[in-house]
Amino acid sequence: MAEFVYEGSRYDTNSGSLKLTKKDKTYIDISLSFVPNPVTGDIPVLLNERAINNAIKNIVLVTPGEATFFRDFGSQTNEFLFDMIDEVSAGLLQQEITRAIKFCEPRVTFDPVSSKAGYSASNRDNPAAFSYGTDVLGVSVEAREEQNEYEVTIKYRIVGGETIYRTNVLLTPTR
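Residue indices begin from 1 for each chain and proceed along its sequence in written order. It should be noted that, the model being predicted, local features are given only for residues of pLDDT at least 70 and side-chain atom pairs only at 80 or more, the latter also being counted only at that level, while totals for whole chains, interfaces and linings use all residues. Note that water and hydrogens are dropped before the side-chain values are worked out from all heavy atoms of the structure.

Chemist: Outline a nonpolar patch on the surface, listing residues and values.
Modeler: On the surface, I28, I30, L32, F34, I43, V45 and L47 cluster together into a nonpolar patch covering about 650 Å² of accessible area. Under the DSSP-based scheme used, a helix requires at least four consecutive residues in state H or I and a strand at least two consecutive residues in state E, with every element numbered from the N terminus. Broken down by secondary-structure element, the contributors of at least two residues to the nonpolar patch are strand 4 (28-30) and strand 5 (45-47). Note on placement: L32 falls in the loop between strand 4 and strand 5. Patch building starts from residues that exceed 30% relative accessible area and form no salt bridge, then joins like charges within 9 Å and nonpolar side chains (Val, Leu, Ile, Met, Phe, Trp, Tyr) within 5 Å. In this description, accessible areas are obtained by the Shrake-Rupley approach with a 1.4 Å probe, and a residue is regarded as covered only by the protein chains that are shown. Whenever Lys or Arg places a side-chain nitrogen within 4 Å of a carboxyl oxygen from Asp or Glu, that contact is recorded as a salt bridge.

Structure (C-alpha cells):
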C-alpha cells in the first residue's frame, strides 16, 4: 500500500481514492513572564491552546486603553469588582467578558460543534481540553459573596477545530 501526500490531500494507490485532509493551524505567542530558558537563553513561547488561554486571560484582566497602541483591547471587568457581588452583577460581568472575547480574540468561537461530538481520546492528557457534545460553550460567572470574588469559566473552541477548551479566572478586587 502506497500513499502519496500532496498539499493537504492523500492518494491511496491501492484503492485509487483521494482523501482531503486539513492541516491544523499552529498558534504561537511569547510568554509574558520573560524569564529566559536556562539552557537556551530564549524567551519561552506558548503554543496553541496555551497561547489562546493566555490571550483570553489577558483580555479579561486588561482594561481598555491599558495596552499600548491597542486602545480597544481588554474588558471592563474591573468596573464590576467593586460593586455588590451578586447574581445581577455576575450576569452583567458575563455579558462584558463575552463581548470582549468576541471582539478581541478572532481565534476563538462560542459556536457549537457542527458534527457529531464524542469524547476525544487524543486529548485525555490535556486537562484544559475535552470534547463532549453536551457541553455549552460560552462564559459562565459564579458570584461568591462570602469570598468577595467571581469565578469565571470560559468554554470555547478554536476556529476550525472541534475540541472544546476551558479556562478559569478568579476575579477579586485588589486589596
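On we go from here.
Chemist: Describe the packing of helix 1 (residues 48-61) against helix 2 (residues 87-104), and please don't skip the residues or the numbers.
Modeler: Interaxial angle, 0 to 180 degrees, is taken between N-to-C directions of lines fitted to C-alpha atoms, where a helix line uses only the stretch in contact. Orientation of helix 1 relative to helix 2, taken along the N-to-C sense of each, is 125 degrees, at an axis distance of 10 Å. With respect to helix 2, the element helix 1 is oriented oblique. In the crossing of helix 1 with helix 2, the sense of the turn from one axis to the other is right-handed. For the pair helix 1 and helix 2, the contacting residues are I56, I59 and V60 in the first and I97, A100, I101 and C104 in the second. Side-chain classes are defined by residue name, with Ala, Val, Leu, Ile, Met, Phe, Trp, Tyr, Cys and Pro counting as nonpolar, Asp, Glu, Lys and Arg as charged, and the others, Gly among them, as polar. For the contact of helix 1 with helix 2, the per-class residue count stands at 7 nonpolar, no polar and no charged. Convention used here: angles under 35 degrees read as roughly parallel, angles over 145 as roughly antiparallel, angles from 65 to 115 as roughly perpendicular, and any remaining angle as oblique. What makes a crossing left-handed is the near helix being turned counterclockwise from the far one by less than a right angle; a clockwise turn instead makes it right-handed. In this analysis, two residues are considered to be in contact whenever any of their non-hydrogen atoms come within 4.5 Å of each other.

Chemist: Explain the confidence of the model for the protein chain to me, and be specific about the residues and the numbers.
Modeler: Of the residues in the protein chain, 73% reach a pLDDT of 70 or more, and the chain-wide mean stands at 79. pLDDT is a per-residue confidence score from the predictor, ranging from 0 to 100. Low pLDDT (under 50) marks residues 3-8, which in the prediction has 11 contacts with non-local residues, meaning those over four places away or in another chain. Note that pLDDT drops below 50 for residues 115-133; the model gives that stretch 29 contacts with residues more than four away or on any other chain.

Chemist: If you had to explain the environment of V88 to someone new, which residues and values would you point to?
Modeler: Secondary-structure assignment places V88 in helix 2. As a C-alpha pair, V88 and A143 span 55 residues in sequence and 9.2 Å in three-dimensional space.

Chemist: Any chance you could break down helix 1 for me, citing the residues and the numbers?
Modeler: Structurally, the α-helix is built with 3.6 residues per turn, so residues lying three or four positions apart point the same way. Between the first and last residue of a helix there are one fewer steps than residues, each counted as 1.5 Å, and that sum is the expected span. The terminal C-alpha atoms of helix 1, which comprises 14 residues, lie 20 Å apart, in line with the 20 Å expected from a rise of 1.5 Å per residue. For every residue, the accessible area (1.4 Å probe, protein chains only) is compared with the maximum for its type, and the residue is labelled buried under 20%, exposed over 50%, or partly exposed between those bounds. Of all the positions in helix 1, only E49, A51, I52, N53, A55, I56, I59 and V60 are classed as buried.

Chemist: Explain the pairing of strand 9 (residues 149-158) to me, using residue names and the numbers behind them.
Modeler: Most of strand 9 sits out of view: 9 of its 10 residues are buried. Of the strand pairs in this sheet, strand 6 (residues 108-109) and strand 9 are connected by 2 bridges, and their pairing is antiparallel. Looking across to strand 9, one finds that T109 is bridged to R157. Strand pairing requires that DSSP identify at least two bridges connecting the strands. Direction of pairing for strand 8 (residues 138-144) relative to strand 9: antiparallel, over a ladder of 7 bridges. Paired with A143 across the strands is Y150, a residue of strand 9. In this structure, the hairpin formed by strand 8 and strand 9 is closed by a connection of 4 residues, where N148 is found at a positive phi of approximately 60 degrees. The pairing of strand 9 with strand 10 (residues 164-171) spans 8 bridges and is antiparallel. Each bridged residue has a counterpart across the sheet, and for I154 the counterpart in strand 10 is T167. Linking strand 9 back to strand 10 in an antiparallel pair, the connection comprises 5 residues, with G160 at a positive phi of about 90 degrees.

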